[in-house]
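# Report on the structure
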Amino acid sequence: FASAGVFHHSGIKIPYFAFFAHDSGKRCREAPANMLVAMAITAALCIGIGVYPDPLYAMLPFAVDYEPYTASHVLTQLQLLVFSALAFSVLMRTGLYPPEMRLINLDSDWFYRRAGSYVIAKGAVIAQRFNAWVYRAVVQSLNGITEFVRHWHGEHSRLGGVQTVGSTIAVALFVFALMLVWNLIASPE
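Each value, and the rule that gives it
- Residues numbered from 1 in each chain as written.
- Predicted model: local features only at pLDDT ≥ 70, side-chain atom pairs only at ≥ 80, totals over all residues.
- Heavy atoms only, no water.
- Helix = DSSP H or I, 4+ residues; strand = E, 2+ residues; numbered from the N terminus.
- Rg over C-alpha atoms; globule rule 2.2 N^0.38 Å.
- Buried < 20%, exposed > 50% of the residue type's maximum accessible area, 1.4 Å probe, protein only.
- pLDDT = per-residue confidence, 0-100.
- Phe/Tyr/Trp six-rings, centres within 6.5 Å; stacked < 30°, edge-to-face > 60°.
- Patch = residues over 30% accessible without salt bridge, like charges linked within 9 Å, V, L, I, M, F, W, Y side chains within 5 Å.
- Areas by Shrake-Rupley, 256 points an atom, 1.4 Å probe, with all protein chains shown as cover.
- Salt bridge = Lys/Arg side-chain N within 4 Å of Asp/Glu carboxyl O.
- 1 Å grid on protein atoms, 1.4 Å probe; cavity = no way out; pocket = protein on both sides within 12 Å on 5 of 7 lines; lining within 4 Å.
- Points joined across faces, edges and corners; volume = space filled by probe spheres on them.
- Nonpolar A, V, L, I, M, F, W, Y, C, P; charged D, E, K, R; others polar.

### Some details on the overall build of the protein
When helices and strands are tallied, the protein shows 6 helices and 0 strands. Start at the N end of the protein and walk to the C end: the helices and strands fall as α-α-α-α-α-α. A compact globule built from 189 residues should have a C-alpha radius of gyration of about 16 Å, whereas the protein, at 39 Å, is more than 25% larger. Taking the principal axes of its C-alpha atoms as reference, the protein extends roughly 110 × 50 × 40 Å. Going through the 189 residues of the protein one by one, you find that 4% of them count as buried.

Here is the structure:
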């Protein structure tokens, strides 16, 4: 039934209403040359692949054992198309086919588009609040570090004042001794 529905909709209904439905009055210009060339190339590829699909099958990653033009397959598809067209024609002639209505189709994408815009708007507000919180946290941290450094290494601090040469050499020797001990402990031998 799914194939018959596809034939009915794509193979019969769309072409019928495209060419034989009431005139909407809309007129459009001819497509630009680059679009016409693209459509011609696409049409040629569709016809070429439909007539001779073997090069397409050769590009597939696995071996394909499919023959599209067997008598059974062609006959089955032709039956679906003919009987779908017959049913459509009978329904149109008898007036049983539902009338065409001027409506706007509300597809399921409406829900995620509507929800998506809501999520994006709320997400932007949350992101702005988070950004402000991070900015305040970083600024407060940097201010704290600055105050700490100023306290210990400022002009009037014990470490920031003028040091004697002897105390500076003592600190340097202490650091070198720590490095020596660390290297002795950390060496694998």
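Right, picking up where we left off after that structure.
### Some words on the confidence of the model for the protein
Residues with a pLDDT of 70 or more make up 94% of the protein, whose mean pLDDT is 85. For the protein, helix 1 (residues 2-20) is the element with the lowest average pLDDT, namely 72, and helix 2 (residues 33-51) is the one with the highest, namely 96.

### A closer look at the packing of aromatic side chains
The full count for this structure, using the stated rule, is 3 aromatic pairs. Among the aromatic residues, those joined into a cluster by ring pairs are Tyr16, Phe88 and Tyr97.

### What to know about a nonpolar patch on the surface
On the surface, a nonpolar cluster with roughly 930 Å² of combined accessible area is contributed by Val165, Ile169, Val171, Leu173, Phe174, Val175, Phe176, Leu178 and Met179. Tracing the backbone shows Met179 in helix 6 (residues 165-186).

### Overview of the layout of surface pockets
In this structure, the largest pocket occupies an estimated 270 Å³ of space. Along its surface, the largest pocket is lined by Phe17, Ala21, His22, Ser24, Glu100, Met101, Arg102, Leu103 and Asn105. Here the residues of the lining of the largest pocket are counted per class, giving 4 nonpolar, 3 polar and 2 charged.

### Some points on the pattern of salt bridges
In the structure shown here, the tally under the stated rule is 2 salt bridges. Put simply, Arg113 and Asp109 hold a salt bridge, and the shortest N to O gap is 3.3 Å. In this pair, Arg113 and Asp109 both sit in helix 5 (residues 109-153), 4 residues apart, roughly one turn of the helix. One salt bridge in this structure joins Glu147 and Arg150, with 3.0 Å as the shortest N-O distance.

### A short note on the environment of Val51
Positionally, Val51 belongs in helix 2. Taking C-alpha positions, Val51 is 36 Å from Ser24, a pair spaced 27 residues apart along the chain.

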